[in-house]
Amino acid sequence: MNIAVLGSGFIARFYADSLAAQRRKDKLVSVYSRSIERAAKFATDYGLPHYSDNIAEVVGRADVDVVVIALSNELHLSAVEACAKAGKHVLCTKPLGRTGAEAKKMLELVENAGIMGGYLEDLCYTPKFLKSLASVKSGSIGRVLWAKSRETHPGPHSDWFWNLELSGGGAIVDLGCHCIEISRNFIGKDIKPVEVMCWAATQVHPIAAEDHAIGLVKYANGVIGQFEVSWCFRGGMDLRDEVMGSEGTIWLNNFLRTGFDMFSTGKGNNYVAEKAESSSGWLFPVGDEVNELGYNHMFTDMFDAIEEKREPQENFYDGYVVNCIIDAAYRSAKSRQWEPVQIDDWRGRTDVTEAHEFASYDDEFYLIKEEILPNGEKKLILKHKVSGEVVRRDL
Ligand SMILES: NC(=O)c1ccc[n+]([C@@H]2O[C@H](COP(=O)([O-])OP(=O)(O)OC[C@H]3O[C@@H](n4cnc5c(N)ncnc54)[C@H](O)[C@@H]3O)[C@@H](O)[C@H]2O)c1
(Lines give C-alpha, C1' and ligand atoms only; values in the text may rest on other atoms or scores of the structure.)
Protein backbone atom coordinates (compact mmCIF):
# COMPACT_ATOMS: atom_id res chain seq x y z
CA MET A 1 0.00 0.00 0.00
CA ASN A 2 1.03 3.59 -0.59
CA ILE A 3 0.07 5.57 2.47
CA ALA A 4 -0.54 9.26 3.15
CA VAL A 5 -0.58 10.58 6.73
CA LEU A 6 -2.66 13.55 7.78
CA GLY A 7 -0.95 15.17 10.77
CA SER A 8 2.64 15.30 11.84
CA GLY A 9 2.29 15.27 15.62
CA PHE A 10 2.70 12.69 18.35
CA ILE A 11 0.61 9.82 17.00
CA ALA A 12 1.60 10.48 13.36
CA ARG A 13 5.18 9.77 14.40
CA PHE A 14 4.23 6.60 16.29
CA TYR A 15 2.40 5.41 13.16
CA ALA A 16 5.34 6.33 10.92
CA ASP A 17 7.73 4.52 13.27
CA SER A 18 5.61 1.42 12.90
CA LEU A 19 5.23 1.75 9.13
CA ALA A 20 8.83 2.71 8.36
CA ALA A 21 10.75 0.62 10.88
CA GLN A 22 9.93 -2.85 9.62
CA ARG A 23 10.63 -4.34 6.19
CA ARG A 24 7.12 -3.62 4.97
CA LYS A 25 6.03 -3.51 1.39
CA ASP A 26 3.72 -0.64 2.47
CA LYS A 27 5.27 2.80 2.02
CA LEU A 28 4.56 6.26 3.36
CA VAL A 29 4.40 8.51 0.30
CA SER A 30 2.94 11.80 1.51
CA VAL A 31 2.23 13.81 4.65
CA TYR A 32 -0.08 16.72 5.39
CA SER A 33 0.55 19.23 8.13
CA ARG A 34 -0.98 22.70 8.52
CA SER A 35 2.60 23.85 9.06
CA ILE A 36 4.65 23.37 5.89
CA GLU A 37 7.85 23.37 8.00
CA ARG A 38 6.60 20.47 10.14
CA ALA A 39 5.41 18.63 7.01
CA ALA A 40 8.89 19.06 5.48
CA LYS A 41 10.60 17.88 8.67
CA PHE A 42 8.35 14.81 8.88
CA ALA A 43 9.02 14.01 5.20
CA THR A 44 12.77 14.30 5.76
CA ASP A 45 12.73 12.22 8.95
CA TYR A 46 10.85 9.34 7.29
CA GLY A 47 12.13 9.72 3.72
CA LEU A 48 8.79 10.68 2.12
CA PRO A 49 8.83 11.91 -1.50
CA HIS A 50 5.98 14.41 -0.98
CA TYR A 51 4.55 16.75 1.65
CA SER A 52 2.00 19.54 1.68
CA ASP A 53 -0.08 21.87 3.84
CA ASN A 54 -3.14 21.11 1.71
CA ILE A 55 -5.25 18.06 2.70
CA ALA A 56 -7.10 17.76 -0.65
CA GLU A 57 -3.79 17.74 -2.52
CA VAL A 58 -2.38 14.91 -0.37
CA VAL A 59 -5.53 12.79 -0.34
CA GLY A 60 -6.14 13.27 -4.07
CA ARG A 61 -2.69 12.14 -5.23
CA ALA A 62 -2.80 9.29 -7.71
CA ASP A 63 -0.08 7.36 -5.87
CA VAL A 64 -2.02 7.32 -2.54
CA ASP A 65 -4.03 4.13 -1.84
CA VAL A 66 -4.90 4.68 1.80
CA VAL A 67 -5.02 7.67 4.13
CA VAL A 68 -4.16 7.59 7.84
CA ILE A 69 -5.84 10.29 9.95
CA ALA A 70 -3.61 11.42 12.81
CA LEU A 71 -5.22 14.80 13.45
CA SER A 72 -6.85 16.27 16.54
CA ASN A 73 -10.36 15.00 17.30
CA GLU A 74 -12.35 17.89 15.80
CA LEU A 75 -10.77 17.31 12.39
CA HIS A 76 -11.57 13.60 12.02
CA LEU A 77 -14.95 14.15 10.35
CA SER A 78 -13.73 16.67 7.76
CA ALA A 79 -10.70 14.47 7.01
CA VAL A 80 -12.97 11.45 6.44
CA GLU A 81 -15.09 13.64 4.15
CA ALA A 82 -11.99 14.43 2.09
CA CYS A 83 -11.11 10.73 1.82
CA ALA A 84 -14.66 9.75 0.84
CA LYS A 85 -14.66 12.46 -1.83
CA ALA A 86 -11.37 11.18 -3.23
CA GLY A 87 -12.50 7.51 -2.94
CA LYS A 88 -9.48 6.57 -0.76
CA HIS A 89 -9.54 3.95 1.98
CA VAL A 90 -9.23 5.62 5.35
CA LEU A 91 -7.76 4.58 8.69
CA CYS A 92 -8.71 6.93 11.53
CA THR A 93 -7.12 7.20 14.94
CA LYS A 94 -9.19 7.01 18.10
CA PRO A 95 -11.67 8.31 19.17
CA LEU A 96 -13.51 8.04 15.87
CA GLY A 97 -15.75 11.02 16.65
CA ARG A 98 -16.30 13.41 19.51
CA THR A 99 -19.87 12.05 19.73
CA GLY A 100 -21.89 9.12 18.44
CA ALA A 101 -23.60 11.44 15.94
CA GLU A 102 -20.25 12.54 14.51
CA ALA A 103 -19.00 8.94 14.31
CA LYS A 104 -22.21 7.88 12.56
CA LYS A 105 -21.63 10.49 9.85
CA MET A 106 -18.13 9.08 9.30
CA LEU A 107 -19.49 5.54 9.12
CA GLU A 108 -22.07 6.62 6.54
CA LEU A 109 -19.45 8.49 4.51
CA VAL A 110 -17.19 5.43 4.10
CA GLU A 111 -20.09 3.07 3.46
CA ASN A 112 -21.64 5.34 0.83
CA ALA A 113 -18.26 5.87 -0.85
CA GLY A 114 -17.50 2.12 -0.89
CA ILE A 115 -14.16 2.63 0.84
CA MET A 116 -12.79 0.80 3.88
CA GLY A 117 -12.94 2.59 7.22
CA GLY A 118 -10.40 1.15 9.64
CA TYR A 119 -10.49 2.22 13.28
CA LEU A 120 -6.92 2.56 14.61
CA GLU A 121 -7.59 1.12 18.08
CA ASP A 122 -4.05 -0.06 18.72
CA LEU A 123 -4.68 -1.45 22.21
CA CYS A 124 -6.91 -4.12 20.70
CA TYR A 125 -3.90 -5.34 18.73
CA THR A 126 -1.16 -5.68 21.35
CA PRO A 127 0.42 -9.14 21.29
CA LYS A 128 -0.82 -9.75 24.84
CA PHE A 129 -4.33 -8.66 23.96
CA LEU A 130 -4.52 -10.78 20.79
CA LYS A 131 -3.38 -13.87 22.69
CA SER A 132 -5.84 -13.17 25.54
CA LEU A 133 -8.70 -12.68 23.13
CA ALA A 134 -7.91 -15.98 21.41
CA SER A 135 -7.95 -17.70 24.82
CA VAL A 136 -11.29 -16.12 25.71
CA LYS A 137 -12.78 -17.07 22.33
CA SER A 138 -11.58 -20.66 22.69
CA GLY A 139 -13.39 -20.88 26.04
CA SER A 140 -10.31 -21.08 28.29
CA ILE A 141 -11.82 -18.84 30.96
CA GLY A 142 -15.41 -19.98 30.47
CA ARG A 143 -18.23 -17.46 30.37
CA VAL A 144 -16.92 -13.88 30.63
CA LEU A 145 -18.52 -12.16 33.64
CA TRP A 146 -16.60 -8.87 33.94
CA ALA A 147 -13.96 -7.15 31.81
CA LYS A 148 -12.11 -4.18 33.21
CA SER A 149 -9.65 -1.90 31.49
CA ARG A 150 -7.70 0.94 33.02
CA GLU A 151 -5.74 3.70 31.31
CA THR A 152 -4.38 6.48 33.44
CA HIS A 153 -1.49 8.92 33.02
CA PRO A 154 -0.54 12.47 34.02
CA GLY A 155 -2.41 14.06 31.10
CA PRO A 156 -1.95 14.58 27.35
CA HIS A 157 0.84 16.46 25.63
CA SER A 158 -1.00 19.00 23.40
CA ASP A 159 -3.15 22.04 24.18
CA TRP A 160 -6.17 20.97 22.10
CA PHE A 161 -6.82 17.87 24.30
CA TRP A 162 -7.58 20.25 27.20
CA ASN A 163 -10.10 22.26 25.15
CA LEU A 164 -13.55 20.67 25.54
CA GLU A 165 -14.84 21.85 22.18
CA LEU A 166 -11.86 20.60 20.19
CA SER A 167 -11.47 17.29 22.04
CA GLY A 168 -15.14 16.47 22.73
CA GLY A 169 -14.39 15.62 26.37
CA GLY A 170 -11.68 14.76 28.83
CA ALA A 171 -10.27 11.47 30.03
CA ILE A 172 -13.44 9.54 29.08
CA VAL A 173 -13.37 10.35 25.38
CA ASP A 174 -9.55 10.31 25.22
CA LEU A 175 -8.77 7.15 27.21
CA GLY A 176 -12.16 5.55 27.85
CA CYS A 177 -12.50 4.84 24.13
CA HIS A 178 -9.58 2.36 24.44
CA CYS A 179 -10.94 0.75 27.61
CA ILE A 180 -14.48 0.39 26.29
CA GLU A 181 -13.34 -1.29 23.08
CA ILE A 182 -11.04 -3.65 24.99
CA SER A 183 -13.94 -4.80 27.20
CA ARG A 184 -16.27 -5.00 24.20
CA ASN A 185 -13.90 -7.39 22.46
CA PHE A 186 -13.72 -9.67 25.50
CA ILE A 187 -17.47 -9.58 26.10
CA GLY A 188 -18.38 -10.01 22.43
CA LYS A 189 -18.92 -7.30 19.85
CA ASP A 190 -22.30 -8.75 18.88
CA ILE A 191 -23.61 -8.27 22.45
CA LYS A 192 -25.42 -4.97 22.81
CA PRO A 193 -24.20 -2.47 25.40
CA VAL A 194 -27.41 -1.53 27.19
CA GLU A 195 -26.72 1.05 29.88
CA VAL A 196 -23.93 2.96 31.60
CA MET A 197 -23.33 4.24 35.13
CA CYS A 198 -20.46 6.69 35.34
CA TRP A 199 -18.75 8.88 37.91
CA ALA A 200 -16.64 11.70 36.51
CA ALA A 201 -14.93 14.65 38.14
CA THR A 202 -12.46 17.44 37.48
CA GLN A 203 -10.14 16.83 40.39
CA VAL A 204 -6.83 18.49 39.54
CA HIS A 205 -6.77 20.56 36.33
CA PRO A 206 -8.50 23.93 35.63
CA ILE A 207 -10.48 22.59 32.66
CA ALA A 208 -14.13 22.28 31.60
CA ALA A 209 -13.87 18.52 31.00
CA GLU A 210 -13.38 15.61 33.43
CA ASP A 211 -9.84 14.55 34.33
CA HIS A 212 -10.85 11.38 36.19
CA ALA A 213 -13.72 8.91 35.70
CA ILE A 214 -14.89 5.40 36.43
CA GLY A 215 -17.73 3.75 34.54
CA LEU A 216 -19.71 0.53 34.36
CA VAL A 217 -21.13 -0.59 31.02
CA LYS A 218 -23.84 -3.22 31.28
CA TYR A 219 -24.31 -5.56 28.32
CA ALA A 220 -27.48 -7.39 27.20
CA ASN A 221 -26.16 -10.72 28.53
CA GLY A 222 -25.69 -9.21 32.03
CA VAL A 223 -21.90 -8.97 31.69
CA ILE A 224 -20.20 -5.85 33.06
CA GLY A 225 -17.50 -3.84 31.34
CA GLN A 226 -15.62 -1.39 33.56
CA PHE A 227 -13.42 1.52 32.61
CA GLU A 228 -11.07 3.50 34.83
CA VAL A 229 -9.50 6.57 33.24
CA SER A 230 -7.53 9.50 34.52
CA TRP A 231 -5.35 12.42 33.53
CA CYS A 232 -4.36 12.83 37.20
CA PHE A 233 -2.36 9.63 37.72
CA ARG A 234 1.29 10.21 38.68
CA GLY A 235 4.08 7.81 37.86
CA GLY A 236 3.79 7.18 34.10
CA MET A 237 1.19 5.39 32.06
CA ASP A 238 -0.82 2.68 33.77
CA LEU A 239 -2.37 0.36 31.19
CA ARG A 240 -4.02 -2.72 32.67
CA ASP A 241 -6.82 -5.08 31.74
CA GLU A 242 -8.56 -7.79 33.74
CA VAL A 243 -11.05 -10.37 32.60
CA MET A 244 -12.96 -12.60 34.97
CA GLY A 245 -14.64 -15.71 33.59
CA SER A 246 -16.59 -18.59 35.11
CA GLU A 247 -13.56 -20.86 34.50
CA GLY A 248 -10.60 -18.52 34.69
CA THR A 249 -8.98 -15.12 34.92
CA ILE A 250 -6.70 -12.93 32.80
CA TRP A 251 -4.57 -10.04 34.08
CA LEU A 252 -2.68 -7.91 31.56
CA ASN A 253 -0.17 -5.20 32.31
CA ASN A 254 1.11 -3.33 29.25
CA PHE A 255 3.21 -0.55 30.81
CA LEU A 256 5.05 0.14 34.08
CA ARG A 257 5.17 -3.52 35.14
CA THR A 258 6.22 -5.49 32.08
CA GLY A 259 9.09 -7.42 33.66
CA PHE A 260 11.66 -4.79 32.57
CA ASP A 261 12.92 -2.77 35.58
CA MET A 262 15.95 -0.49 35.41
CA PHE A 263 17.75 1.84 37.83
CA SER A 264 19.55 4.98 36.63
CA THR A 265 21.12 7.91 38.41
CA GLY A 266 19.76 9.98 35.49
CA LYS A 267 22.76 9.97 33.17
CA GLY A 268 22.53 9.23 29.42
CA ASN A 269 19.57 8.98 27.04
CA ASN A 270 16.55 10.07 29.02
CA TYR A 271 13.58 8.70 27.03
CA VAL A 272 12.15 5.81 29.00
CA ALA A 273 8.62 5.22 27.68
CA GLU A 274 5.52 7.23 26.74
CA LYS A 275 4.44 9.52 29.59
CA ALA A 276 7.26 8.33 31.88
CA GLU A 277 7.66 11.12 34.42
CA SER A 278 11.23 10.46 35.40
CA SER A 279 14.47 9.25 33.90
CA SER A 280 16.20 8.55 37.19
CA GLY A 281 15.65 6.13 40.03
CA TRP A 282 13.86 2.86 39.41
CA LEU A 283 12.37 2.98 35.91
CA PHE A 284 9.98 0.79 33.91
CA PRO A 285 11.01 0.99 30.25
CA VAL A 286 9.01 -0.71 27.49
CA GLY A 287 11.07 -2.84 25.09
CA ASP A 288 9.51 -1.94 21.74
CA GLU A 289 6.65 0.48 22.31
CA VAL A 290 5.45 0.42 18.73
CA ASN A 291 5.01 -3.33 18.90
CA GLU A 292 3.88 -3.60 22.52
CA LEU A 293 1.24 -0.92 21.95
CA GLY A 294 -0.14 -2.92 19.02
CA TYR A 295 0.71 -0.64 16.08
CA ASN A 296 2.47 -3.32 13.99
CA HIS A 297 -0.30 -5.91 14.23
CA MET A 298 -2.90 -3.17 13.73
CA PHE A 299 -1.48 -1.93 10.42
CA THR A 300 -0.93 -5.47 9.18
CA ASP A 301 -4.60 -6.26 9.77
CA MET A 302 -5.69 -2.97 8.14
CA PHE A 303 -3.70 -3.50 4.93
CA ASP A 304 -4.54 -7.22 4.74
CA ALA A 305 -8.22 -6.28 5.09
CA ILE A 306 -8.00 -3.83 2.18
CA GLU A 307 -6.27 -6.42 -0.03
CA GLU A 308 -8.65 -9.21 0.98
CA LYS A 309 -11.69 -6.91 0.63
CA ARG A 310 -12.85 -7.73 4.17
CA GLU A 311 -13.47 -5.65 7.27
CA PRO A 312 -10.53 -5.22 9.65
CA GLN A 313 -10.81 -6.43 13.23
CA GLU A 314 -11.46 -2.80 14.28
CA ASN A 315 -13.59 -0.75 11.91
CA PHE A 316 -15.63 2.44 11.80
CA TYR A 317 -18.70 0.59 13.11
CA ASP A 318 -16.73 -0.31 16.26
CA GLY A 319 -15.66 3.32 16.65
CA TYR A 320 -19.30 4.38 16.32
CA VAL A 321 -20.51 1.95 19.03
CA VAL A 322 -17.71 3.12 21.35
CA ASN A 323 -18.77 6.75 20.83
CA CYS A 324 -22.41 5.86 21.64
CA ILE A 325 -21.27 4.25 24.92
CA ILE A 326 -19.20 7.34 25.74
CA ASP A 327 -22.23 9.58 25.08
CA ALA A 328 -24.20 7.52 27.64
CA ALA A 329 -21.31 7.80 30.12
CA TYR A 330 -21.39 11.58 29.90
CA ARG A 331 -25.17 11.61 30.38
CA SER A 332 -24.81 9.32 33.41
CA ALA A 333 -22.05 11.41 35.00
CA LYS A 334 -24.44 14.35 34.82
CA SER A 335 -27.69 12.62 35.84
CA ARG A 336 -26.02 10.28 38.41
CA GLN A 337 -28.28 7.51 37.05
CA TRP A 338 -27.89 4.48 34.78
CA GLU A 339 -28.34 5.91 31.29
CA PRO A 340 -29.36 3.85 28.22
CA VAL A 341 -26.86 3.49 25.37
CA GLN A 342 -28.54 4.88 22.26
CA ILE A 343 -27.36 3.09 19.13
CA ASP A 344 -29.65 3.97 16.20
CA ASP A 345 -27.93 1.50 13.91
CA TRP A 346 -27.40 -1.66 16.03
CA ARG A 347 -26.08 -4.52 13.84
CA GLY A 348 -25.38 -7.17 16.48
CA ARG A 349 -27.61 -9.77 18.13
CA THR A 350 -31.04 -8.83 19.39
CA ASP A 351 -31.94 -12.21 20.95
CA VAL A 352 -29.65 -12.00 24.00
CA THR A 353 -30.91 -12.01 27.58
CA GLU A 354 -29.09 -12.14 30.92
CA ALA A 355 -27.50 -15.57 31.34
CA HIS A 356 -28.08 -17.60 34.50
CA GLU A 357 -26.35 -20.90 33.82
CA PHE A 358 -25.73 -22.91 36.98
CA ALA A 359 -23.35 -25.87 37.14
CA SER A 360 -25.15 -29.15 37.76
CA TYR A 361 -23.64 -31.58 40.28
CA ASP A 362 -26.10 -34.35 39.35
CA ASP A 363 -29.78 -34.64 38.37
CA GLU A 364 -30.87 -33.47 41.82
CA PHE A 365 -28.35 -30.81 42.82
CA TYR A 366 -26.54 -27.75 41.57
CA LEU A 367 -22.90 -27.42 42.60
CA ILE A 368 -22.24 -24.23 44.58
CA LYS A 369 -18.69 -24.93 45.80
CA GLU A 370 -16.12 -27.69 46.12
CA GLU A 371 -13.12 -27.16 48.38
CA ILE A 372 -10.24 -28.98 50.03
CA LEU A 373 -9.64 -27.69 53.56
CA PRO A 374 -6.21 -27.24 55.22
CA ASN A 375 -6.62 -30.59 57.03
CA GLY A 376 -7.15 -32.39 53.71
CA GLU A 377 -10.91 -32.83 54.06
CA LYS A 378 -12.90 -32.35 50.88
CA LYS A 379 -16.28 -30.73 51.12
CA LEU A 380 -19.11 -29.93 48.74
CA ILE A 381 -21.83 -27.33 49.02
CA LEU A 382 -24.88 -28.19 46.93
CA LYS A 383 -28.31 -26.72 46.24
CA HIS A 384 -31.35 -28.86 45.65
CA LYS A 385 -32.79 -28.04 42.24
CA VAL A 386 -36.42 -28.21 43.35
CA SER A 387 -36.56 -27.37 47.07
CA GLY A 388 -33.74 -24.82 46.95
CA GLU A 389 -32.23 -26.31 50.12
CA VAL A 390 -28.47 -25.72 50.51
CA VAL A 391 -26.62 -28.73 51.92
CA ARG A 392 -23.06 -29.67 52.83
CA ARG A 393 -21.58 -33.01 51.82
CA ASP A 394 -18.23 -34.28 53.08
CA LEU A 395 -16.26 -36.49 50.72
N1 LIG B 1 -2.88 5.30 21.17
C2 LIG B 1 -3.44 6.02 20.24
O3 LIG B 1 -4.08 5.47 19.39
C4 LIG B 1 -3.32 7.51 20.26
C5 LIG B 1 -2.33 8.11 21.05
C6 LIG B 1 -2.25 9.52 21.01
C7 LIG B 1 -3.13 10.26 20.24
N8 LIG B 1 -4.09 9.63 19.49
C9 LIG B 1 -5.05 10.38 18.70
O10 LIG B 1 -4.36 10.98 17.60
C11 LIG B 1 -4.95 12.24 17.27
C12 LIG B 1 -3.84 13.30 17.30
O13 LIG B 1 -3.27 13.33 18.60
P14 LIG B 1 -1.72 13.61 18.83
O15 LIG B 1 -1.40 13.06 20.15
O16 LIG B 1 -0.93 13.20 17.67
O17 LIG B 1 -1.78 15.19 18.95
P18 LIG B 1 -0.71 16.24 18.42
O19 LIG B 1 -1.15 17.55 18.98
O20 LIG B 1 0.67 15.77 18.71
O21 LIG B 1 -0.89 16.23 16.86
C22 LIG B 1 -2.09 16.73 16.29
C23 LIG B 1 -1.90 16.99 14.81
O24 LIG B 1 -3.09 17.66 14.35
C25 LIG B 1 -2.71 18.91 13.77
N26 LIG B 1 -3.72 19.93 14.02
C27 LIG B 1 -4.20 20.32 15.23
N28 LIG B 1 -5.11 21.31 15.05
C29 LIG B 1 -5.17 21.54 13.72
C30 LIG B 1 -5.92 22.43 12.92
N31 LIG B 1 -6.79 23.29 13.45
N32 LIG B 1 -5.77 22.38 11.57
C33 LIG B 1 -4.90 21.52 11.01
N34 LIG B 1 -4.16 20.64 11.73
C35 LIG B 1 -4.30 20.66 13.07
C36 LIG B 1 -1.39 19.27 14.44
O37 LIG B 1 -0.68 20.20 13.65
C38 LIG B 1 -0.72 17.91 14.52
O39 LIG B 1 -0.14 17.56 13.28
C40 LIG B 1 -6.07 12.46 18.30
O41 LIG B 1 -7.29 12.10 17.74
C42 LIG B 1 -5.70 11.54 19.45
O43 LIG B 1 -6.82 11.10 20.19
C44 LIG B 1 -4.17 8.26 19.47
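The model shown is predicted, which means the values in this text are computed figures rather than measured ones. (Residues numbered from 1 in each chain as written. Predicted model: local features only at pLDDT ≥ 70, side-chain atom pairs only at ≥ 80, totals over all residues. Heavy atoms only, no water.)

Taken together, 25 residues lie near the ligand, and Phe10, Ile11, Asn73, His157 and Ser158 sit nearest. Taken by itself the ligand offers 830 Å² of open surface, and the protein chains cover 87% of this. Of the residues in the shell around the ligand, the class split is 10 nonpolar, 10 polar and five charged. (Near = heavy atom within 4 Å. Areas by Shrake-Rupley, 256 points an atom, 1.4 Å probe, with all protein chains shown as cover. Nonpolar A, V, L, I, M, F, W, Y, C, P; charged D, E, K, R; others polar.)

Time to look at the sheet that holds strand 7 (residues 144–152). If you walk across this open sheet you meet the seven strands as 12-11-7-10-9-8-15, and the pairing is mixed. If you trace the sheet from one side to the other, it starts and ends with strand 12 (248–253) and strand 15 (339–340), each paired once. Helix 8 (residues 171–187) rests against strand 7, strand 8 (193–201), strand 9 (212–219), strand 10 (224–230) and strand 11 (238–245) of the sheet, and its axis sits at about 155 degrees to strand 10. Contacts from helix 11 (residues 316–335) reach strand 8, strand 9, strand 10 and strand 15, with the element oriented near 55 degrees to strand 8. (Pairing = 2+ DSSP bridges. Helix = DSSP H or I, 4+ residues; strand = E, 2+ residues; numbered from the N terminus. Contact = heavy atoms within 4.5 Å. Axes fitted to C-alpha atoms, helices over the stretch in contact; angles between N-to-C directions.)

Within the element layout of this structure, Phe263 appears in strand 13 (residues 262–264). If near-sequence neighbours (up to four positions away) are discounted, Phe263 is found in contact with Gly281 and Trp282.

Another aspect to go through is the pairing of strand 4 (residues 66–69). The two faces of strand 4 match: Val66 and Val68 on one face and Val67 and Ile69 on the other face are all buried. Looking at chain direction, strand 1 (residues 2–6) and strand 4 are connected through four bridges and run parallel. For Val5, the partnering residue across the bridge sits in strand 4 and is Val68. Both strand 4 and strand 5 (residues 89–93) contribute to a ladder of four bridges, which runs parallel. Looking at strand 5, one finds that Val66 is bridged to His89. Following the chain from strand 4 across helix 4 (residues 76–86) to the adjacent parallel strand 5, one finds a crossover that is right-handed. (Buried < 20%, exposed > 50% of the residue type's maximum accessible area, 1.4 Å probe, protein only. Right-handed = clockwise from strand over helix to strand, strands pointing away.)

Residues Leu6, Tyr15, Leu91, Phe227, Phe299, Phe303 and Phe316 are the most contacted members of the largest nonpolar core, which totals 112 residues. With near-sequence residues (within four places) excluded, Tyr15 lies in contact with Val68, Ile69, Ala70, Thr93, Leu120, Tyr295, Met298 and Phe299. (Core = buried A, V, L, I, M, F, W, Y, C linked by side-chain atoms within 4.5 Å.)

A sheet is described by the order of its strands in space; here six strands give the open sequence 3-2-1-4-5-6, paired in parallel fashion. Of all strands in the sheet, those bounded by a partner on one side alone are strand 3 (50–52) and strand 6 (117–120). Strand-to-strand twist of the sheet, defined as the mean angle between neighbouring strand axes without regard to direction, takes the value 20 degrees.

Turning next to unusual backbone geometry. Residues Lys94 and Pro95 are joined by a peptide bond in cis, for which omega reads -15 degrees. In this fold, Pro95 is placed in the loop between strand 5 and helix 5 (100–113). The phi torsion at Lys309 lies on the positive side, around 50 degrees, for a residue other than glycine. With respect to the helices, strands and loops of the structure, Lys309 is situated in the loop between helix 10 (295–307) and helix 11.

The terminal C-alpha atoms of helix 5, which comprises 14 residues, lie 20 Å apart, in line with the 20 Å expected from a rise of 1.5 Å per residue. For helix 5, the full list of buried residues reads Gly100, Glu102, Ala103, Met106, Leu107 and Val110. Buried residues of helix 5 fall within an arc of 165 degrees about the axis and therefore sit on the same side. Across helix 5 from its buried face, at more than 90 degrees, point the exposed residues Ala101 and Asn112. Turning to helix 5, the residues buried within the fold contact helix 4, strand 5, strand 6 and helix 11. (Expected span 1.5 Å × (residues − 1). Arc of directions from axis to C-beta.)

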